[in-house]
Amino acid sequence: MYYRYFTGWTSPQGGPVDAAEFSLLDNELVYVFPSDGETACVALSVSLSEYNEAAVNTPQLYHSRLAEHRGVWPRIRRRKHSGRSSSHRHRTV
């Protein structure tokens with residue numbers, strides 16, 4: 001899972017956000033979790049093989065995959081992100 005925080009986040013209609021958003025495309029999922037002050041955490045879950053292949057170039061994978069999610073990408077392009085892309089790998093037992 002890769003994630004980044006964005007400021008100035010709005011709903012798809014351009015107004016205030018009142019719920020989380022999800023975008024499913026093939027075997028990946030984008031989650032948008034709104035917070036205070038028009039800030040949102042935008043997370044991307046990809047397959048384990050894709051995660052391992054892209055471990056060296058996280059920002060490039062994150063943005064190239066998000067660009068395919070048409071419901072959130074136009075708003076991501078127009079928003080300022082805070083911090084750098086982060087990743088988290090779920091451990092399997």
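What counts, and at which threshold
Residues numbered from 1 in each chain as written. Predicted model: local features only at pLDDT ≥ 70, side-chain atom pairs only at ≥ 80, totals over all residues. Heavy atoms only, no water. Core = buried A, V, L, I, M, F, W, Y, C linked by side-chain atoms within 4.5 Å. Buried < 20%, exposed > 50% of the residue type's maximum accessible area, 1.4 Å probe, protein only. Helix = DSSP H or I, 4+ residues; strand = E, 2+ residues; numbered from the N terminus. Contact = heavy atoms within 4.5 Å. Polar contact = N/O pair within 3.5 Å; in protein donor to acceptor, adjacent residues only side chain to side chain. Arc of directions from axis to C-beta.

Colleague: Teacher, can you tell me more about the nonpolar core here?
Modeller: Nonpolar side chains in soluble globular proteins generally cluster together in the buried interior. The biggest cluster of nonpolar side chains holds 16 residues, and the ones touching the most others in it are Val42, Leu66 and Ile76. Broken down by secondary-structure element, the contributors of at least two residues to this core are β1 (2-7), β3 (28-34), β4 (39-45), α2 (58-66) and α3 (73-78). Excluding residues within four positions of it along the chain, Val42 makes contact with Tyr2, Tyr3, Arg4, Phe6, Trp9, Val30, Tyr31, Val32, Tyr62, Leu66 and Ile76.

Colleague: I would appreciate a short explanation of the side chain of Arg75 in the present structure.
Modeller: Mapped onto the secondary structure, Arg75 falls in helix α3. Since its relative accessible area comes to 4%, Arg75 is described here as buried.

Colleague: Please explain the environment of Glu28 as it appears in this structure.
Modeller: You can see Glu28 is positioned in strand β3. The exposure class of Glu28 is buried, given its relative accessible area of 2%. Residues Glu28 and Leu66, spaced 38 residues apart in sequence, show a C-alpha to C-alpha distance of 9.9 Å. Contact partners of Glu28, with chain neighbours within four places excluded, come to Ser23, Leu44, Ser45, Val46, Glu50, Arg65 and His69. Polar side-chain contacts of Glu28 include one of 2.9 Å to the side chain of Arg65.

Colleague: Quick question: what am I supposed to make of α2 here?
Modeller: One turn of an α-helix holds 3.6 residues; hence residues three or four places apart share an orientation. Taken together, the buried positions of α2 are Thr58, Leu61, Tyr62, Arg65 and Leu66. Here the buried residues of α2 occupy an arc of 120° about the axis, which is enough to place them on one side.

Colleague: So what exactly am I meant to see when it comes to unusual backbone geometry here?
Modeller: For residues that are not glycine, phi is negative in most cases, and the peptide bond is trans in most cases. At Asp26, a residue that is not glycine, the phi angle is positive and equals roughly 55°. A residue is classified by how much of its surface remains accessible, and Asp26, at 71% relative accessible area, is exposed. One non-glycine residue with positive phi stands out, namely Glu38, at about 55°. Examined against the element boundaries, Glu38 turns out to sit in the loop between β3 and β4.

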